[in-house]
Amino acid sequence: MKSETDKLISKHGQLNQSDNMKVVSHVQREEDDWIRHTVMLEGIDVPFIYRRKKQYQSLKGARVNITYYRQVEEVAGIEFETMKVVRIKRS
């Protein structure tokens, strides 16, 4: 039987999954009516970003399973690679 994550990945070709990744940094800041969460993972130099309606406890130091899309944001004419998180869970 396929897990929920396997179903998502098979349905969406661009979707990626990483398991048991260690969170090095977790920053939460207000953005309009939302809270923007930025997570940095050990050994990866690209930020993982997601938005929620409220703050959550810090994930710093935790191990997580993360499902995400690669995306490119342009800021002041410079392209920055980021990862748009679809699902994040503690391992």
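Analysis parameters
Throughout, residues of each chain are indexed from 1 in the direction in which the sequence is written. The predicted nature of this model means local features are confined to residues of pLDDT at least 70 and side-chain atom pairs, given and counted, to a pLDDT of 80 or more, with totals for whole chains, interfaces and linings taken over all residues. In computing side-chain values, all of the structure's heavy atoms are included and hydrogens and water are not. What pLDDT expresses is the predictor's confidence in each residue, scored from 0 to 100. Secondary structure elements follow DSSP: runs of H or I no shorter than four residues count as helices, runs of E no shorter than two count as strands, and numbering proceeds from the N terminus. We call two strands paired when DSSP finds no fewer than two bridges between them. To get an axis, a line is fitted to the C-alpha atoms, and for a helix only the part in contact is used. The angle between two axes follows their N-to-C directions and goes from 0 to 180 degrees. For this document, the term salt bridge refers to a Lys or Arg side-chain nitrogen within 4 Å of an Asp or Glu carboxyl oxygen. Relative accessibility thresholds used throughout: buried, under 20% of the residue-type maximum; exposed, over 50%; partly exposed, between the two (1.4 Å probe, protein chains only).

Caption draft 1: Representation of the confidence of the model for the chain in the model. Taken as a whole, the chain shows an average pLDDT of 88; of its residues, 86% reach a score of 70 or greater. For the chain, the element scoring lowest by mean pLDDT is helix α1 (residues 4–11), at 61; strand β2 (residues 34–41) scores highest, at 95.

Caption draft 2: Representation of the sheet that holds β2 within the structure. Read around the barrel, five strands follow the order β1-β2-β3-β5-β4 and close on themselves; strand pairing throughout is mixed. Averaged over all pairs of adjacent strands, the angle between strand axes in this sheet comes to 40°, irrespective of strand direction. Bridge analysis of strand β1 (residues 16–31) against β2 gives eight bridges, and the strand direction is antiparallel. Note that in β2 the partner of Gln28 across the bridge is His37.

Caption draft 3: Focus on the pattern of salt bridges. Overall, the coordinates contain four salt bridges when judged by the stated rule. Of the charged contacts, one joins Glu31 and Arg36 as a salt bridge, the two residues approaching to 3.3 Å between their closest N and O atoms. The class of Arg36 is buried, set by a relative accessible area of 16%. A single salt-bridge network, built from bridges that share partners, covers Glu31, Arg36, Arg51 and Glu73.

Caption draft 4: A look at the environment of Gly43. Of note, Gly43 is situated in the loop between β2 and β3 (48–52). Look at Gly43 and you get exposed, because its relative accessible area is 80%. C-alpha of Gly43 to C-alpha of Val24: the two residues are 19 residues apart in sequence and 9.2 Å apart in space.

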